[in-house]
Amino acid sequence: MRRIITVAVAVLGVATAACGAGTGTATGAGPGTAGETPRAVEQVYVINLHGAEDGRADQRPENLVVSEFSSLRKVGWRSWGPDGAVGTGRLSGTWCLPTCRKTPYTATVTLGGVKKVRGKNYFTTFSIDGDFTKPRETADTLTGNLPMP
C-alpha cells in the first residue's frame, strides 16, 4: 500500500509540472535563462458593430459586423492572436439579399493588420471567402478595412 501511494504522489507531481508548461504561467525555468518569465501575449480586439452602432472592442465575437455590407453569425474562431485571426461562420449582407437572409453562406473570415490605438491592439483589415457566388465589387463587401476606435 505504501508503494502505491508513493507512486501516485510522484505521478501527480509530474502531471502538475506538465500541466503548468505552456499555459503562460512562470514555472521557474524555461527555454531561456533560469527563472525567465515568458513574455505575455498582448490582447487583440476587433471593433464590432453587432448590436452597437458606434462599435465596441470585442474578442472572438460569435456575431461580427465587419462593414455596412457584410456580417457573420455563429462564428467559431480557429485562431486569434497578434498575427491574425481566422474563423468560420454564417455570412449574410445587403449584397446577397434576399437569398442569404434565409440561408446564410458558410464563410471563412480572416482578420489582420494589427495596430495599436489608445494603448490597445486592434485588427484593421478583414477578408471573407467561401464557396458562394461573389459580388462584382468585393471591396468593403468581402475585403476591406475594419472600423477603428
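Right above here is the structure, for reference.
Residues numbered from 1 in each chain as written. Predicted model: local features only at pLDDT ≥ 70, side-chain atom pairs only at ≥ 80, totals over all residues. Heavy atoms only, no water.

Caption draft 1: Local environment of the sheet that holds strand E5 (residues 84–93). Strands sit in the order E3-E4-E5-E6-E9-E10 across an open sheet of six strands; the sheet is antiparallel. Pairing within the sheet leaves two strands with one partner each, and these edge strands are strand E3 (64–65) and strand E10 (143–145). In the sheet, strand E9 (residues 125–129) pairs with E10 via three bridges, with the strands oriented antiparallel. Within the sheet, the bridge partner assigned to Thr125 lies in E10 and is Asn145. (Pairing = 2+ DSSP bridges. Helix = DSSP H or I, 4+ residues; strand = E, 2+ residues; numbered from the N terminus.)

Caption draft 2: Examining the environment of Gly76 more closely. As for its placement among the helices and strands, Gly76 is situated in strand E4 (residues 70–81). Here Gly76 falls in the partly exposed class, since its relative accessible area comes to 38%. Along the sequence, Gly76 and Thr88 sit twelve residues apart, while their C-alpha atoms lie 5.4 Å from each other. What Gly76 contacts, discounting residues up to four positions off in sequence, is Val86, Gly87 and Thr88. (Buried < 20%, exposed > 50% of the residue type's maximum accessible area, 1.4 Å probe, protein only. Contact = heavy atoms within 4.5 Å.)

Caption draft 3: The arrangement of the pattern of salt bridges in detail. Enumeration according to the criterion identifies two salt bridges in this entry. One salt bridge connects Arg56 with Asp58, and the closest N-O pair in it is separated by 3.8 Å. For Arg56, a relative accessible area of 33% gives the class partly exposed. Lys134 is the partner of Asp129 in a salt bridge, and the nearest nitrogen-oxygen pair spans 3.5 Å. Residue class for Asp129 comes out partly exposed when judged on its relative accessible area of 47%. Residue classification places Lys134 among the partly exposed positions, given a relative accessible area of 35%. (Salt bridge = Lys/Arg side-chain N within 4 Å of Asp/Glu carboxyl O.)

Caption draft 4: Geometry of unusual backbone geometry. The peptide bond linking Leu97 to Pro98 adopts the cis configuration, its omega dihedral lying at 0 degrees. Among the secondary structure elements, Pro98 is positioned in the loop between E5 and helix H2 (99–102). With a phi angle near 45 degrees, Arg60 is a residue other than glycine that sits in the positive phi range. Structurally, Arg60 can be placed in the loop between strand E2 (56–58) and E3. For Arg60, a relative accessible area of 43% gives the class partly exposed. A positive phi angle is found at Arg118, which is not glycine, with a value near 50 degrees.

Caption draft 5: Up close: the packing of aromatic side chains. According to the stated counting rule, one finds six aromatic pairs in the structure shown. For the ring pair Tyr105 and Phe132, a centre distance of 5.0 Å and an interplane angle of 5 degrees mean the geometry is stacked. With Tyr105 in strand E6 (residues 105–112) and Phe132 in the loop between E9 and E10, this pair connects stretches of sequence that are 27 residues apart. The pair formed by Tyr105 and Phe132 is uniform in burial state, with each residue classed as buried. (Phe/Tyr/Trp six-rings, centres within 6.5 Å; stacked < 30°, edge-to-face > 60°.)

Caption draft 6: Layout of the sheet that holds strand E8 (residues 120–122). One open sheet accounts for four strands, arranged E2-E1-E8-E7; its pairing is mixed. Taken across any chain shown, the strands that pair with only one partner, and hence form the sheet edges, are E2 and strand E7 (115–117). Sheet twist, expressed as the mean angle between neighbouring strand axes with direction ignored, is 50 degrees. (Axes fitted to C-alpha atoms, helices over the stretch in contact; angles between N-to-C directions.)

Caption draft 7: Broad picture of the side chain of Ser67. Within the secondary structure, Ser67 sits in the loop between E3 and E4. The exposure class assigned to Ser67 is buried, which follows from its relative accessible area of 12%. Of note is the side chain of Ser67, whose polar atom sits 3.3 Å from the backbone nitrogen of Ser70. Ser67 has contacts with Phe126 and Asp140, leaving out every residue within four places of it along the chain. (Polar contact = N/O pair within 3.5 Å; in protein donor to acceptor, adjacent residues only side chain to side chain.)

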